[in-house]
Amino acid sequence: MNKKKTFCIVLFFLLVFNTFLGIALLSAENNKDSDNFRYVGQDSEFLDRKDKLKSANGVNTLNYSSIFRNTTIIRRGFQSINITVNVSGFLAANKTYMRIYFTNNSDSLFNMSYIPGTNKNFTYTYTPRGNAPLGLQRVSFEIRNSTNYLLNTQTTYTNFTIRSTSMVGFNSSEYYRDEEVVADIAIDESDNYDWEILVVNATTASQQHIIQEFTKNPFQINFTIDESFDRVNSYYYVAVNLTEDFWTTWHADYFGFFIKNSDPVISNIKFSPSSVFREEFCVVTLNASDKESDMQGVNMKITDTNGQTVTIDNPELFNSQGNVFEGNFTIDGSRPKGNYNVEFTADDGNGGVTVQNTGVLIKNNAPDIDGYEINDIDTDERISVPYGDDLEFDFDVSDVEGISYITVELILEDPMADEKDEYEASVAYEDGGSELTIRTEDLSSGTWTVYVSVTDTDGETTDLDDDFDTGPQQITVVPDLISDILPWITLVVGSIIGIIVGIGVGYHTGKSKYAKYKPLEEKIPIKKEKKPAKKPTEEKPTPAKPKRVEKEIEKVSEKEEPKKPAPKRKIKRKL
């Protein structure tokens, strides 16, 4: 019995505790959500919850009879609409939100306030601002419990109309600097109003600046967007200030128009020179202007024929005078030739950007031939080379982009035969210069005209055809006449030598035979000339060679012959 009594007491206290705890949590939740209203896009914590709210199962709809409005038409700026809903049909309802869908396709969410002492009545009073859209606006409701769980699964709509005592129609919705604004004024004449028109920069009185003012109940105004509209990409307003005869209070309706920033304008782009050689200095000028601000600079970007960006030392053009901007650039020799794209970008600092593209022709530098030497002889001197010697060409050439090869062409013209011989040779260029050797054995004797040409890596060729010092020169290959008549000279000289030798041999032979026919007694003087006594030490005298004896006999006979009397010779001949 005691146990049952104790259990009942504990259960009673637990029920009381849970009741007080629920009341405290409900009060805290109401205090937390008692702020005025929230706009879509302004309360990201509410709209972007990770725990997305789920709808209740089944259909649970807010009845139209539970929606109350104090009016259906309001004038913006100074009239309001009060909307109240009763959510007693939702037992767990803890909070209610009202969403207004405006005619300009925007919407806003407002937190409705609980009316104390009522059976779950929630209310909100909406006052349209001066720039609120006119027309029929739709309203829906979201009923939620304490955990933000959505209770009504089917949307129920109501509506109201926003109208103005005045209307302003513009000739355009957006304007640029220097354009004219034409505004037609319409006033609801069902009430007795006087009005004045102001052009202002804001709808808030503390931030408002009057730009222009029109009085005396105008029905149309016009003005130009000039420097007094110092902000761009912003709204300005035509304010219609109204007053009734019975009222002493002025009311303003605001009608907005948008001023856009105009983009800068680039014009009169000029390159000097108009077509540029690589490694050549080029100056570029252009005009850049903006209606709302002073231009500070223009950027330049160059891309070659392969689409590669060219590095520029000073890519930003500077303001030389007024709206004239100037810059310069050079194209490296390693870049290809052809049409380059030049992109100019002007930024006015207000979000206005203009990109202007144009093209410039980048040309190839032709090779330069500063001269050449043949066998270390300058080409301004006469050159004669003996047949058989080599022609050594040493070239002094240059090119910005690079040289591929050098060609030498020799032409020998024969005016008598109306013909010509041609000889051509080429050599690849090497850093520092190139040399070419031509053998005269491959040429005919005569005077050859020399033509030199240089071809660079782009295929462009420079020919020496007009310069006196380095233009076409002549080389005389001197014929080797001795070599041509050498066989004849050899034949003639050989014949002469043969004749002389023959005469000598014949003479020598005749003399020898004549000496052999001499008498024996004529040998006695020869014996006398021999003096063996002079050589006592010689045990074995060397016998004289026959030829020597003959020569000695011949000499002796020649010496003694003039001493012999003529008659004696005749006697010997008779014997």
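The rules behind the values
Residues numbered from 1 in each chain as written. Predicted model: local features only at pLDDT ≥ 70, side-chain atom pairs only at ≥ 80, totals over all residues. Heavy atoms only, no water. Helix = DSSP H or I, 4+ residues; strand = E, 2+ residues; numbered from the N terminus. Buried < 20%, exposed > 50% of the residue type's maximum accessible area, 1.4 Å probe, protein only. Contact = heavy atoms within 4.5 Å. Areas by Shrake-Rupley, 256 points an atom, 1.4 Å probe, with all protein chains shown as cover. Patch = residues over 30% accessible without salt bridge, like charges linked within 9 Å, V, L, I, M, F, W, Y side chains within 5 Å. Salt bridge = Lys/Arg side-chain N within 4 Å of Asp/Glu carboxyl O. Lys, Arg positive; Asp, Glu negative; His and termini not counted. Charge placed at Lys NZ, Arg CZ, Asp CG, Glu CD. Pairing = 2+ DSSP bridges. Axes fitted to C-alpha atoms, helices over the stretch in contact; angles between N-to-C directions. Polar contact = N/O pair within 3.5 Å; in protein donor to acceptor, adjacent residues only side chain to side chain. Phe/Tyr/Trp six-rings, centres within 6.5 Å; stacked < 30°, edge-to-face > 60°. Core = buried A, V, L, I, M, F, W, Y, C linked by side-chain atoms within 4.5 Å.

Peer 1: Can you tell me about the overall build of the chain, naming the residues and giving the values?
Peer 2: The secondary structure content of the chain amounts to six helices and 36 strands. When each of the 575 residues of the chain is scored for burial, the buried share is 34%. The long-range share in the chain, meaning contacts at least 24 apart out of those at least 6 apart in sequence, stands at 65%. Accessible area for the chain stands at about 36000 Å²; split by element, carbon and sulfur atoms hold 51% of it.

Peer 1: How would you explain unusual backbone geometry if you had to name every residue and give the values?
Peer 2: In the segment running from Ser272 into Pro273, the intervening peptide bond is cis, with an omega of 0 degrees. Within the element layout of this structure, Pro273 appears in the loop between β18 (265-272) and β19 (275-277).

Peer 1: Could you give an account of the environment of Asn299, naming the residues involved and the relevant values?
Peer 2: Examined against the element boundaries, Asn299 turns out to sit in strand β21 (residues 298-303). A sequence separation of 44 residues divides Asn299 from Glu343, and the C-alpha atoms of the two residues are 8.1 Å apart. Ignoring sequence-local partners within four residues, the contact set of Asn299 consists of Pro315, Glu316, Glu343, Phe344 and Thr345.

Peer 1: Go over a negative patch on the surface, please, and point to the residues and values.
Peer 2: On the surface, a cluster of negative charge is made up of Asp368, Asp370, Asp376, Asp389, Asp390, Glu392, Asp394, Asp396, Glu435 and Glu441. The set of elements that each furnish at least two residues to the negative patch consists of β27 (368-374) and β30 (390-398). With four residues, β30 is the single largest residue contributor to the negative patch. With respect to the helices, strands and loops of the structure, Asp368 is situated in strand β27.

Peer 1: Go over the sheet that holds strand β12 (residues 180-187), please, and point to the residues and values.
Peer 2: Strand order in the open sheet made by the three strands is β10-β12-β15, with antiparallel pairing throughout. The sheet terminates laterally at β10 (166-170) and β15 (220-224), the two strands that pair on one side only. For this sheet, the mean inter-axis angle between neighbouring strands, taken without regard to orientation, is 25 degrees. Note that β10 and β12 share five bridges and pair antiparallel.

Peer 1: Tell me about the sheet that holds strand β9 (residues 158-163), and name the residues and values.
Peer 2: A sheet is described by the order of its strands in space; here five strands give the open sequence β2-β9-β8-β4-β5, paired in mixed fashion. Edge positions in the sheet fall to β2 (73-75) and β5 (107-111), since each of these pairs with one other strand and no more. Neighbour to neighbour, the strand axes of the sheet diverge by 30 degrees on average, direction disregarded.

Peer 1: Give me the side chain of Thr158: which residues, what numbers.
Peer 2: With respect to the helices and strands, the residue Thr158 is situated in strand β9. Overall, Thr158 belongs to the buried group, its relative accessible area being 11%. Looking at Thr158, its side chain comes within polar contact range of the side chain of Arg69, at 3.4 Å.

Peer 1: Please give an account of the environment of Val298 that cites residues and values.
Peer 2: The residue Val298 is located in strand β21 in this model. For Val298, a relative accessible area of 0% translates into the label buried. Along the primary structure Val298 and Phe344 are separated by 46 residues, whereas in three dimensions their C-alpha atoms are 6.6 Å apart. Those residues in contact with Val298 that sit more than four places away from it in its chain are Leu286, Ala288, Pro315, Glu316, Leu317, Phe325, Phe344, Thr345 and Ala346.

Peer 1: Describe the environment of Glu392, with residues and values.
Peer 2: Note on placement: Glu392 falls in strand β30. Owing to a relative accessible area of 35%, Glu392 belongs among the partly exposed residues under this scheme. Taking the C-alpha atoms as reference points, Glu392 and Ile438, separated by 46 residues in sequence, lie 6.7 Å from one another. When residues no more than four places from it in sequence are discounted, the contact partners of Glu392 are Glu373, Ile374, Asn375, Leu436 and Thr437.

Peer 1: Hey, could you go over the packing of aromatic side chains for me, with residue numbers and the actual values?
Peer 2: Applying the stated criterion across every chain, the model contains 21 aromatic pairs. Measuring from centroid to centroid gives 6.0 Å for Phe223 and Phe229, while their planes differ by 15 degrees, and the two rings are stacked. The pair formed by Phe223 and Phe229 is uniform in burial state, with each residue classed as buried. Taken together, the aromatic side chains of Phe170, Tyr175, Phe223, Phe229, Tyr236 and Phe257 make up a single cluster linked through ring pairs.

Peer 1: Provide a residue-level description of the pattern of salt bridges, including the pertinent values.
Peer 2: Taken as a whole, this structure holds eight salt bridges when the rule is applied. Its salt-bridge partner being Asp304, residue Arg335 comes within 2.8 Å of it at the nearest N-O pair. Residue Arg335 is found in the loop between β24 (324-329) and β25 (338-347), and its partner Asp304 is found in the loop between β21 and β22 (309-310); the two are separated by 31 residues along the sequence. Assessed through its relative accessible area of 6%, Asp304 is described here as buried. Within this structure, Arg99, Asp107, Glu142 and Arg144 form a network of salt bridges that share partners.

Peer 1: Tell me about the nonpolar core, residues and numbers included.
Peer 2: In terms of nonpolar packing, the biggest core is built from 26 residues, with Phe393, Phe395 and Val408 touching the most fellow members. Secondary structure elements with two or more residues in this core: β27, β29 (383-386), β30, β31 (403-414), β32 (419-428), β33 (435-439), β34 (446-456) and β36 (473-478). Sorting elements by how many residues they give to this core places β31 first, with five residues. If sequence neighbours within four positions are ignored, Val408 has contacts with Phe393, Phe395, Tyr423, Glu424, Ala425, Leu436, Ile438, Val450, Tyr451 and Val452. Membership of the second largest hydrophobic core comes to 24 residues, among which are Ile74, Ala132, Val139 and Leu151.

Peer 1: Account for the side chain of Glu401, with residues named and values stated.
Peer 2: With respect to the helices and strands, Glu401 occurs in the loop between β30 and β31. Of note is the side chain of Glu401, whose polar atom sits 2.8 Å from the side chain of Asn365. In contact with Glu401, not counting residues within four places along its chain, are Arg278, Gly333, Asn364, Asn365, Asp456, Thr457 and Asp458.

Peer 1: Please set out a nonpolar patch on the surface residue by residue, giving values where relevant.
Peer 2: A contiguous nonpolar patch, built from Val493, Ile497, Val501 and Val505 and spanning about 320 Å² of accessible area, is present on the exposed surface. Here Ile497 shows up in helix α3 (residues 481-516).

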